[in-house]
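Given next are the chains, with one letter for each unit.
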Amino acid sequence: MPHLSRRNFATVTLGLAGALAMGTAFAQSYPSKPIRIIVGYQAGGPTDMTARLIATKLQTALGQPVIVENKVGAGSNIASEFVATAPPDGYTLLLAAAPITMNGFLYKNLKYDVQKSFEPIVNVMTAPSVLAVTTKLPVRTVSELVALAKQQPGKLTFGSTGNGGSQHLAGELLKQRAGIDIVHVPYRGASAALNDLLAGHVDLVFMTSMSALPHLKSGNPRPIAVASVKRLPQLPDVPTVAESGFPGFEAESWNGLFAPVKTPPEIIARLNAEVNKALTAPDLRETLVSQGAVVVGGSSADFGKYIDQEVVRWGKLLKTLKVSMD
(Lines give C-alpha, C1' and ligand atoms only; values in the text may rest on other atoms or scores of the structure.)
Protein backbone atom coordinates (compact mmCIF):
# COMPACT_ATOMS: atom_id res chain seq x y z
CA MET A 1 0.00 0.00 0.00
CA PRO A 2 1.47 3.46 -0.92
CA HIS A 3 2.81 5.57 1.94
CA LEU A 4 0.68 8.67 2.74
CA SER A 5 2.36 11.84 3.94
CA ARG A 6 0.73 13.72 6.80
CA ARG A 7 -0.56 16.29 4.32
CA ASN A 8 -2.00 13.67 1.99
CA PHE A 9 -3.48 11.75 4.91
CA ALA A 10 -5.17 14.92 6.12
CA THR A 11 -6.52 15.58 2.62
CA VAL A 12 -7.95 12.07 2.36
CA THR A 13 -9.43 12.28 5.85
CA LEU A 14 -11.05 15.64 5.13
CA GLY A 15 -12.37 14.28 1.84
CA LEU A 16 -13.98 11.30 3.53
CA ALA A 17 -15.43 13.51 6.26
CA GLY A 18 -16.82 15.86 3.62
CA ALA A 19 -18.42 12.99 1.72
CA LEU A 20 -19.99 11.66 4.91
CA ALA A 21 -21.26 15.13 5.81
CA MET A 22 -22.78 15.56 2.34
CA GLY A 23 -24.41 12.12 2.60
CA THR A 24 -25.85 12.96 6.02
CA ALA A 25 -27.12 16.35 4.82
CA PHE A 26 -28.69 14.70 1.76
CA ALA A 27 -30.40 12.12 3.93
CA GLN A 28 -31.68 14.83 6.31
CA SER A 29 -33.24 16.74 3.42
CA TYR A 30 -34.76 13.56 1.98
CA PRO A 31 -37.35 13.46 0.63
CA SER A 32 -37.82 16.81 -1.09
CA LYS A 33 -40.05 15.58 -3.91
CA PRO A 34 -42.52 12.73 -4.66
CA ILE A 35 -41.38 9.10 -4.33
CA ARG A 36 -42.44 6.38 -6.75
CA ILE A 37 -42.96 2.75 -5.76
CA ILE A 38 -42.84 0.58 -8.87
CA VAL A 39 -44.85 -2.64 -8.93
CA GLY A 40 -44.44 -5.31 -11.59
CA TYR A 41 -47.96 -6.68 -11.20
CA GLN A 42 -51.49 -5.65 -12.09
CA ALA A 43 -53.44 -3.11 -10.07
CA GLY A 44 -55.68 -4.75 -7.51
CA GLY A 45 -53.46 -7.80 -7.00
CA PRO A 46 -51.78 -8.77 -3.71
CA THR A 47 -48.46 -7.04 -4.42
CA ASP A 48 -50.20 -3.88 -5.61
CA MET A 49 -52.37 -3.88 -2.48
CA THR A 50 -49.31 -4.19 -0.24
CA ALA A 51 -47.55 -1.38 -2.11
CA ARG A 52 -50.51 0.96 -1.67
CA LEU A 53 -50.79 0.22 2.04
CA ILE A 54 -47.09 1.04 2.50
CA ALA A 55 -47.30 4.10 0.23
CA THR A 56 -50.11 5.60 2.30
CA LYS A 57 -48.14 5.24 5.53
CA LEU A 58 -44.89 6.53 4.01
CA GLN A 59 -46.63 9.56 2.55
CA THR A 60 -47.82 10.59 6.00
CA ALA A 61 -44.47 9.88 7.65
CA LEU A 62 -42.26 11.53 5.03
CA GLY A 63 -44.45 14.49 4.12
CA GLN A 64 -44.20 13.92 0.37
CA PRO A 65 -46.49 12.16 -2.13
CA VAL A 66 -45.70 8.46 -2.52
CA ILE A 67 -47.09 7.19 -5.81
CA VAL A 68 -47.54 3.55 -6.84
CA GLU A 69 -46.89 2.83 -10.52
CA ASN A 70 -47.69 -0.52 -12.15
CA LYS A 71 -45.24 -1.61 -14.85
CA VAL A 72 -46.59 -5.04 -15.77
CA GLY A 73 -44.97 -7.65 -17.98
CA ALA A 74 -42.22 -10.22 -18.53
CA GLY A 75 -42.67 -11.91 -15.16
CA SER A 76 -42.18 -8.56 -13.35
CA ASN A 77 -38.84 -8.02 -15.13
CA ILE A 78 -39.96 -4.75 -16.75
CA ALA A 79 -40.48 -3.19 -13.34
CA SER A 80 -37.29 -4.66 -11.88
CA GLU A 81 -35.15 -3.47 -14.79
CA PHE A 82 -36.71 -0.01 -14.61
CA VAL A 83 -35.76 0.41 -10.95
CA ALA A 84 -32.34 -1.22 -11.35
CA THR A 85 -31.38 1.49 -13.87
CA ALA A 86 -33.01 4.40 -11.99
CA PRO A 87 -30.90 7.03 -10.20
CA PRO A 88 -29.89 5.78 -6.72
CA ASP A 89 -31.42 8.73 -4.91
CA GLY A 90 -34.29 7.11 -2.99
CA TYR A 91 -37.03 8.48 -5.23
CA THR A 92 -37.64 5.33 -7.29
CA LEU A 93 -38.26 2.17 -5.27
CA LEU A 94 -39.37 -1.37 -6.12
CA LEU A 95 -42.00 -3.36 -4.23
CA ALA A 96 -41.05 -6.84 -5.42
CA ALA A 97 -42.37 -10.36 -4.93
CA ALA A 98 -40.85 -13.85 -4.84
CA PRO A 99 -40.27 -14.22 -8.63
CA ILE A 100 -37.47 -11.65 -8.49
CA THR A 101 -35.29 -14.34 -6.86
CA MET A 102 -36.27 -16.90 -9.54
CA ASN A 103 -36.06 -14.87 -12.73
CA GLY A 104 -32.29 -15.04 -12.97
CA PHE A 105 -32.65 -18.79 -13.54
CA LEU A 106 -35.65 -18.50 -15.88
CA TYR A 107 -34.68 -15.68 -18.25
CA LYS A 108 -31.49 -15.05 -20.19
CA ASN A 109 -29.90 -11.64 -20.64
CA LEU A 110 -31.67 -9.89 -17.79
CA LYS A 111 -30.58 -6.30 -17.22
CA TYR A 112 -30.49 -6.77 -13.47
CA ASP A 113 -29.27 -9.16 -10.78
CA VAL A 114 -31.36 -9.28 -7.63
CA GLN A 115 -28.25 -9.62 -5.44
CA LYS A 116 -26.18 -6.94 -7.20
CA SER A 117 -28.55 -4.36 -8.68
CA PHE A 118 -30.53 -3.41 -5.57
CA GLU A 119 -30.21 -2.33 -1.97
CA PRO A 120 -32.67 -4.35 0.15
CA ILE A 121 -34.72 -2.06 2.38
CA VAL A 122 -37.17 -4.28 4.25
CA ASN A 123 -39.20 -7.45 3.90
CA VAL A 124 -42.81 -6.39 4.37
CA MET A 125 -44.74 -9.66 4.52
CA THR A 126 -44.91 -13.30 3.48
CA ALA A 127 -47.94 -15.30 2.35
CA PRO A 128 -47.97 -19.06 1.74
CA SER A 129 -49.46 -20.58 -1.37
CA VAL A 130 -52.66 -22.53 -0.86
CA LEU A 131 -53.49 -25.51 -3.06
CA ALA A 132 -57.17 -25.17 -3.95
CA VAL A 133 -59.36 -27.18 -6.31
CA THR A 134 -62.61 -26.40 -8.05
CA THR A 135 -65.67 -27.73 -6.23
CA LYS A 136 -66.45 -29.62 -9.45
CA LEU A 137 -63.44 -31.86 -8.76
CA PRO A 138 -64.31 -34.82 -6.47
CA VAL A 139 -61.23 -34.55 -4.23
CA ARG A 140 -60.75 -33.25 -0.70
CA THR A 141 -57.13 -34.19 0.03
CA VAL A 142 -53.79 -34.08 -1.74
CA SER A 143 -53.65 -37.88 -1.84
CA GLU A 144 -57.04 -38.00 -3.58
CA LEU A 145 -55.86 -35.36 -6.05
CA VAL A 146 -52.68 -37.29 -6.83
CA ALA A 147 -54.64 -40.53 -7.28
CA LEU A 148 -57.07 -38.84 -9.69
CA ALA A 149 -54.22 -37.26 -11.66
CA LYS A 150 -52.54 -40.64 -12.04
CA GLN A 151 -55.80 -42.16 -13.26
CA GLN A 152 -56.17 -39.37 -15.85
CA PRO A 153 -52.65 -38.35 -16.98
CA GLY A 154 -52.60 -35.09 -18.93
CA LYS A 155 -56.27 -34.35 -18.21
CA LEU A 156 -56.19 -32.18 -15.07
CA THR A 157 -55.18 -28.52 -15.42
CA PHE A 158 -53.53 -26.18 -12.94
CA GLY A 159 -53.74 -22.42 -13.25
CA SER A 160 -51.22 -19.83 -12.13
CA THR A 161 -50.67 -16.09 -12.10
CA GLY A 162 -48.27 -16.46 -15.04
CA ASN A 163 -45.28 -18.30 -16.39
CA GLY A 164 -42.34 -18.40 -14.00
CA GLY A 165 -44.23 -17.14 -10.95
CA SER A 166 -44.17 -18.81 -7.55
CA GLN A 167 -47.61 -20.37 -8.15
CA HIS A 168 -46.47 -21.86 -11.46
CA LEU A 169 -43.34 -23.28 -9.88
CA ALA A 170 -45.30 -24.68 -6.94
CA GLY A 171 -47.38 -26.62 -9.46
CA GLU A 172 -44.26 -27.84 -11.24
CA LEU A 173 -42.81 -28.92 -7.92
CA LEU A 174 -45.97 -30.90 -7.12
CA LYS A 175 -45.78 -32.57 -10.53
CA GLN A 176 -42.19 -33.58 -9.84
CA ARG A 177 -42.68 -34.73 -6.24
CA ALA A 178 -45.94 -36.63 -6.90
CA GLY A 179 -44.97 -38.00 -10.30
CA ILE A 180 -48.12 -36.73 -11.98
CA ASP A 181 -48.90 -35.22 -15.39
CA ILE A 182 -51.06 -32.09 -15.04
CA VAL A 183 -51.24 -29.27 -17.61
CA HIS A 184 -50.20 -25.70 -16.75
CA VAL A 185 -52.56 -22.85 -17.74
CA PRO A 186 -50.97 -19.41 -17.16
CA TYR A 187 -53.14 -16.35 -16.49
CA ARG A 188 -52.41 -12.64 -16.35
CA GLY A 189 -52.77 -12.21 -12.63
CA ALA A 190 -54.43 -13.74 -9.59
CA SER A 191 -57.99 -12.57 -10.22
CA ALA A 192 -58.19 -14.19 -13.65
CA ALA A 193 -56.88 -17.51 -12.33
CA LEU A 194 -59.30 -17.41 -9.40
CA ASN A 195 -62.29 -16.62 -11.60
CA ASP A 196 -61.60 -19.59 -13.87
CA LEU A 197 -61.07 -21.86 -10.87
CA LEU A 198 -64.42 -20.75 -9.43
CA ALA A 199 -66.06 -21.43 -12.78
CA GLY A 200 -64.39 -24.84 -13.05
CA HIS A 201 -62.45 -23.97 -16.20
CA VAL A 202 -59.26 -25.14 -14.47
CA ASP A 203 -59.07 -27.91 -11.89
CA LEU A 204 -56.59 -26.56 -9.35
CA VAL A 205 -54.47 -23.55 -8.53
CA PHE A 206 -51.67 -22.78 -6.09
CA MET A 207 -52.83 -19.34 -5.04
CA THR A 208 -51.37 -16.81 -2.63
CA SER A 209 -53.52 -16.77 0.47
CA MET A 210 -53.84 -12.97 0.13
CA SER A 211 -55.59 -13.19 -3.22
CA ALA A 212 -58.47 -15.44 -2.23
CA LEU A 213 -58.81 -15.92 1.54
CA PRO A 214 -62.54 -15.01 1.74
CA HIS A 215 -63.30 -17.57 -0.99
CA LEU A 216 -61.09 -20.19 0.63
CA LYS A 217 -62.80 -19.73 4.00
CA SER A 218 -66.16 -20.29 2.31
CA GLY A 219 -64.94 -23.53 0.73
CA ASN A 220 -65.29 -22.34 -2.87
CA PRO A 221 -62.75 -22.99 -4.25
CA ARG A 222 -61.92 -25.86 -1.92
CA PRO A 223 -58.55 -25.50 -0.10
CA ILE A 224 -56.87 -28.88 0.38
CA ALA A 225 -53.35 -27.95 1.51
CA VAL A 226 -51.09 -25.04 2.49
CA ALA A 227 -47.55 -24.88 1.07
CA SER A 228 -45.86 -23.62 4.24
CA VAL A 229 -44.02 -25.06 7.23
CA LYS A 230 -46.99 -24.48 9.52
CA ARG A 231 -50.72 -24.37 8.96
CA LEU A 232 -52.19 -20.99 8.14
CA PRO A 233 -53.93 -19.56 11.23
CA GLN A 234 -56.75 -18.27 9.06
CA LEU A 235 -57.34 -21.83 7.71
CA PRO A 236 -56.54 -23.99 10.77
CA ASP A 237 -58.28 -27.11 9.44
CA VAL A 238 -56.33 -27.19 6.19
CA PRO A 239 -53.16 -29.34 6.46
CA THR A 240 -49.81 -28.43 4.96
CA VAL A 241 -48.57 -30.15 1.82
CA ALA A 242 -45.83 -31.64 4.00
CA GLU A 243 -48.44 -33.15 6.32
CA SER A 244 -50.16 -34.53 3.22
CA GLY A 245 -47.25 -36.75 2.30
CA PHE A 246 -44.65 -34.44 0.77
CA PRO A 247 -42.18 -33.40 3.49
CA GLY A 248 -40.20 -30.23 2.88
CA PHE A 249 -42.68 -28.87 0.33
CA GLU A 250 -42.70 -25.05 0.64
CA ALA A 251 -43.86 -22.33 -1.72
CA GLU A 252 -44.55 -18.90 -0.33
CA SER A 253 -44.89 -15.46 -1.78
CA TRP A 254 -43.51 -12.34 -0.16
CA ASN A 255 -43.33 -8.61 -0.74
CA GLY A 256 -40.25 -6.55 -0.02
CA LEU A 257 -39.00 -3.05 -0.75
CA PHE A 258 -35.80 -2.37 -2.71
CA ALA A 259 -33.86 0.67 -3.92
CA PRO A 260 -31.29 0.86 -6.75
CA VAL A 261 -27.79 -0.18 -5.75
CA LYS A 262 -25.60 2.63 -4.37
CA THR A 263 -28.56 4.43 -2.81
CA PRO A 264 -27.04 6.23 0.22
CA PRO A 265 -27.16 4.07 3.36
CA GLU A 266 -28.71 6.94 5.32
CA ILE A 267 -31.72 6.86 2.99
CA ILE A 268 -31.99 3.08 3.20
CA ALA A 269 -31.96 3.37 7.00
CA ARG A 270 -34.62 6.11 6.95
CA LEU A 271 -36.93 4.09 4.70
CA ASN A 272 -36.35 0.92 6.72
CA ALA A 273 -37.25 2.71 9.95
CA GLU A 274 -40.40 4.27 8.50
CA VAL A 275 -41.67 1.02 6.97
CA ASN A 276 -41.03 -0.83 10.23
CA LYS A 277 -43.06 1.84 12.03
CA ALA A 278 -45.82 1.45 9.46
CA LEU A 279 -45.90 -2.30 10.03
CA THR A 280 -46.74 -1.73 13.70
CA ALA A 281 -49.87 0.29 12.82
CA PRO A 282 -52.93 -1.72 13.90
CA ASP A 283 -54.95 -0.88 10.77
CA LEU A 284 -52.20 -1.95 8.38
CA ARG A 285 -51.43 -5.13 10.32
CA GLU A 286 -55.10 -6.03 10.54
CA THR A 287 -55.53 -5.57 6.80
CA LEU A 288 -52.56 -7.78 5.93
CA VAL A 289 -53.30 -10.50 8.48
CA SER A 290 -56.98 -10.63 7.55
CA GLN A 291 -55.87 -11.30 3.98
CA GLY A 292 -53.71 -14.26 5.03
CA ALA A 293 -50.33 -12.53 5.23
CA VAL A 294 -47.64 -12.75 7.91
CA VAL A 295 -46.13 -9.33 8.73
CA VAL A 296 -42.31 -9.47 8.73
CA GLY A 297 -40.33 -6.21 8.98
CA GLY A 298 -36.79 -6.21 10.37
CA SER A 299 -33.46 -4.79 9.22
CA SER A 300 -32.23 -4.34 5.68
CA ALA A 301 -29.46 -6.83 6.48
CA ASP A 302 -32.06 -9.41 7.50
CA PHE A 303 -33.86 -8.90 4.21
CA GLY A 304 -30.60 -9.25 2.28
CA LYS A 305 -29.89 -12.59 3.96
CA TYR A 306 -33.42 -13.76 3.15
CA ILE A 307 -32.94 -12.86 -0.52
CA ASP A 308 -29.66 -14.80 -0.63
CA GLN A 309 -31.38 -17.86 0.86
CA GLU A 310 -34.28 -17.63 -1.61
CA VAL A 311 -31.89 -17.41 -4.57
CA VAL A 312 -30.09 -20.56 -3.41
CA ARG A 313 -33.34 -22.45 -2.70
CA TRP A 314 -35.08 -21.63 -5.97
CA GLY A 315 -31.89 -21.99 -7.97
CA LYS A 316 -31.49 -25.60 -6.86
CA LEU A 317 -35.13 -26.35 -7.69
CA LEU A 318 -35.14 -24.66 -11.09
CA LYS A 319 -31.96 -26.39 -12.19
CA THR A 320 -33.64 -29.69 -11.28
CA LEU A 321 -36.93 -28.84 -12.99
CA LYS A 322 -35.18 -27.40 -16.05
CA VAL A 323 -37.88 -24.75 -16.45
CA SER A 324 -37.03 -21.82 -18.75
CA MET A 325 -39.04 -18.83 -19.97
CA ASP A 326 -36.74 -18.14 -22.98
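Residues numbered from 1 in each chain as written. Predicted model: local features only at pLDDT ≥ 70, side-chain atom pairs only at ≥ 80, totals over all residues. Heavy atoms only, no water.

Enquirer: So, the pattern of salt bridges: which residues are in play, and what are the values?
Expert: Scanning the entire structure with this criterion turns up eight salt bridges. One salt bridge in this structure joins Asp-48 and Arg-52, with 2.9 Å as the shortest N-O distance. Placement of the pair is Asp-48 and Arg-52 together in helix 2 (residues 46–62), with a separation of four residues, close to one helical turn. Exposure remark for Asp-48: the relative accessible area of 3% places this residue in the buried category. Taking relative accessible area as the criterion, Arg-52 reaches 36% and is therefore assigned partly exposed. Residue Lys-175 pairs with Glu-172 through a salt bridge whose shortest N-O separation is 3.7 Å. Of this pair, Lys-175 and Glu-172 are both found in helix 6 (residues 166–178), three residues apart, which corresponds to roughly one turn of the helix. Shared partners join several salt bridges into a network, and the residues in it are Arg-36, Glu-69 and Lys-71. (Salt bridge = Lys/Arg side-chain N within 4 Å of Asp/Glu carboxyl O. Helix = DSSP H or I, 4+ residues; strand = E, 2+ residues; numbered from the N terminus. Buried < 20%, exposed > 50% of the residue type's maximum accessible area, 1.4 Å probe, protein only.)

Enquirer: Pulling in residues and values, what's your account of unusual backbone geometry?
Expert: In this structure, Pro-31 follows Tyr-30 across a cis peptide bond, with omega equal to -5°. Note on placement: Pro-31 falls in the loop between helix 1 (6–29) and strand 1 (35–39). Unlike most non-glycine residues, Ser-76 shows phi in positive territory, near 80°. Among the residues examined, Ser-76 registers a relative accessible area of 6% and is labelled buried. Even without being a glycine, Asn-109 presents a positive backbone phi close to 60°.

Enquirer: Go over the packing of helix 2 against helix 10 (residues 282–290), please, and point to the residues and values.
Expert: Relative to each other, helix 2 and helix 10 sit at 180°, their axes nearing to 11 Å. As judged from the angle between their axes, helix 2 and helix 10 are roughly antiparallel. Where helix 2 approaches helix 10, its residues Met-49, Thr-50, Leu-53, Ile-54 and Lys-57 are matched on the opposing element by Asp-283, Leu-284, Thr-287 and Leu-288. In the contact of helix 2 with helix 10, the residues fall into five nonpolar, two polar and two charged. (Axes fitted to C-alpha atoms, helices over the stretch in contact; angles between N-to-C directions. Parallel < 35°, antiparallel > 145°, perpendicular 65-115°, else oblique. Contact = heavy atoms within 4.5 Å. Nonpolar A, V, L, I, M, F, W, Y, C, P; charged D, E, K, R; others polar.)

Enquirer: Mind laying out the side chain of Asn-255, listing which residues take part and the relevant values?
Expert: With respect to the helices, strands and loops of the structure, Asn-255 is situated in strand 9 (residues 252–260). On the accessibility criterion, Asn-255 (1% relative accessible area) is buried. Those residues in contact with Asn-255 that lie beyond four places of it in its chain are Pro-46, Thr-47, Thr-50, Leu-95, Ala-96, Ala-97, Asn-123, Val-124 and Met-125.

Enquirer: Any chance you could break down the nonpolar core for me, citing the residues and the numbers?
Expert: Membership of the largest hydrophobic core comes to 52 residues, with the highest contact counts inside it found for Leu-94, Leu-131 and Leu-145. With eight residues, the top contributor of residues to this core is helix 11 (residues 300–321). Leu-145 has contacts with Leu-131, Leu-137, Val-139, Leu-156, Leu-174, Leu-204 and Ile-224, leaving out every residue within four places of it along the chain. (Core = buried A, V, L, I, M, F, W, Y, C linked by side-chain atoms within 4.5 Å.)

Enquirer: Explain the environment of Arg-222 to me, using residue names and the numbers behind them.
Expert: Relative to the assigned elements, Arg-222 resides in strand 8 (residues 222–226). Separated by 191 residues in the primary sequence, Arg-222 and Pro-31 place their C-alpha atoms 46 Å from one another.

Enquirer: Tell me what's going on with the packing of helix 6 against helix 11, and back it up with residues and numbers.
Expert: Running from N to C, helix 6 and helix 11 cross one another at 60°; their axes reach a closest spacing of 11 Å. In terms of orientation, helix 6 and helix 11 fall into the oblique class. The crossing of helix 6 and helix 11 is left-handed. The segment helix 6 lies against helix 11, with Leu-169, Glu-172, Leu-173 and Gln-176 engaging Trp-314, Leu-317, Leu-318, Thr-320 and Leu-321. When the residues that make up the contact of helix 6 with helix 11 are grouped by side-chain class, the tally is six nonpolar, two polar and one charged. (Left-handed = near helix turned anticlockwise from the far one by under 90°.)

Enquirer: Go over the packing of aromatic side chains, please, and point to the residues and values.
Expert: Under the criterion given, the structure shown has seven aromatic pairs. With a centroid separation of 5.9 Å and 80° between ring planes, the pair formed by Trp-254 and Tyr-306 is classed as edge-to-face. One end of the pair, Trp-254, is in strand 9; the other, Tyr-306, is in helix 11, with 52 residues separating them in the sequence. In this structure, Trp-254 and Tyr-306 share a single accessibility class: buried. Three or more aromatic residues joined by ring pairs make a cluster, and in this case those are Tyr-112, Phe-118, Trp-254, Phe-258, Phe-303 and Tyr-306. (Phe/Tyr/Trp six-rings, centres within 6.5 Å; stacked < 30°, edge-to-face > 60°.)

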